[in-house]
Amino acid sequence: MIQDRSFNADGSLFYPDNRAFFEGLEPEQLQIPFIPDDAVSGEPSDVSPVWNPEFFGNMIVVNGTTWPYLNVEPRRYRFRFLNGSQSRFLILKTDDGTPFWQIGAEQGFLPAPVLLDELLMAPAERADVIMDFTNAAVGSTITLINLGPDEPFGGGVPGVDFPIADPASTGQVMQFRVVALKAADTSTPPDQLVLPAPPVLGPANASRTITLNELESETVCAIEDEDGIVVEVPCTDPGAAPFGPTEARLGTLDADGNGVPLGWAAPTTENVAAVGDTEVWEIYNFTADAHPIHIHLVQFQVVDRQLLAVDEEGMALQPAELCDPAFPGCVRGPELWETGYKDTVIAYPGEVTRVKAQFPLAGLFVWHCHILEHEDNEMMRPYCVGDSAACQQHNQ
Ligand SMILES: [Cu+2]
């Protein structure tokens, strides 16, 4: 279980208790009204004094220990990796090029082992992986490193599209120390493994569109003064901009292609008609960042991803004539390591990500972003399967 964490001088966990931390400011440098104070307009502020839209720790821990090591023999090992970070996407590599053979994801085996130099993992994603140290020299060390950035992830190439983690801190995960072989390795080489084929889902009973949205303040505008202090100003002032983000929200899509952000308490909008139904959920990401979307109850398959185009009205699927001929219709299939059953999928900005699932139980469940700072404010929604008392109660 790999997480990024920060510590106080006495070794206790550090977590910010004020919004200024996220802005890179001292609390006295963020001079805006917070809930429950009024903005200059006289309207109540809608900015939380404590919410940090994302949090990035400055050290990496594995199973709760900072920079541990594991003695390994020159043989094959099977690991189950979990990204348990608050907000950080991990991009794992080894410093000597030892690759990863991914054989499974959150909800089962892949159709075949997949050879990877880098393991991309969003918060809550799991990877069932074989690492082969058979040819590693006794006495040598192999370091597991991380390129996943100290900032929100939007997809792309490490070091080109975003700065990589700090090689002196968040860029280091753990060490493997190679010790003498105690018993022969009788396991099957990963490239010869035959994995059980994932069951095939039937045709979908329904397809629904859902959206990822980010909100900014409707009452507080701010500006940075010459001393670097962020101060509230009337929204009509030149240079004034709404303070944000104030919340991340799931929602629906309106007929014009705009997201309709909904809070937790709003009546359910994803109502699967009957137990056993199979549905395709199309996740439109209208934000600037990638979000790991987690749907409770189900095991889903990633169908594909498709580019969106922005116009003044809203967002729509990219016109086919603008698409790369290598990806007709701007559609690309799942990554090879996403071809088994999953319960968490990366929804990239400016794309629609489609997943397909059968819903096996009646009741009230949730789906949410698995960036912890998002799911706790307020990127989580209930959904219904069939007609149940819990759903009726929520929707009263
Ligand atoms: Cu999110």
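What this report covers is the structure whose coordinates are included nearby.

Some remarks on unusual backbone geometry
Following Ile35, the chain continues into Pro36 via a peptide bond in cis, with omega recorded as 10°. Between Asn377 and the following residue, Glu378, the backbone shows a cis peptide bond with an omega angle of 5°. Relative to the elements of secondary structure, Glu378 occurs in the loop between helix H2 (372–375) and strand E30 (380–385). The phi angle at Trp67 is positive, at roughly 45°, despite the residue not being glycine. Backbone geometry places Leu297, a non-glycine residue, at a positive phi of 80°. Residue placement: Leu297 occurs in the loop between strand E23 (291–295) and strand E24 (300–310). You can call Leu297 partly exposed: it has 18 C-beta atoms within 10 Å.

A few points about the pairing of strand E29 (residues 363–369)
Each regular strand displays side chains that alternate between the two surfaces of the sheet. Both E23 and E29 contribute to a ladder of 3 bridges, which runs antiparallel. Pairing of Ile295 across the sheet is with Trp367, part of E29.

A short note on the sheet that holds strand E18 (residues 241–242)
On the basis of which strands lie adjacent, the open sheet formed by 4 strands has the order E3-E17-E16-E18 and mixed pairing. With partners counted over all chains shown, the strands left at the sheet margins are strand E3 (30–31) and E18, one partner each. Relative to strand E17 (residues 230–233), strand E16 (residues 221–224) runs antiparallel, the two sharing 4 bridges. Paired with Ala222 across the bridge in E17 is Glu232.

What counts, and at which threshold
- Residues numbered from 1 in each chain as written.
- Predicted model: local features only at pLDDT ≥ 70, side-chain atom pairs only at ≥ 80, totals over all residues.
- Helix = DSSP H or I, 4+ residues; strand = E, 2+ residues; numbered from the N terminus.
- Buried ≥ 20, exposed ≤ 12 C-beta atoms within 10 Å, placed from the backbone.
- Pairing = 2+ DSSP bridges.

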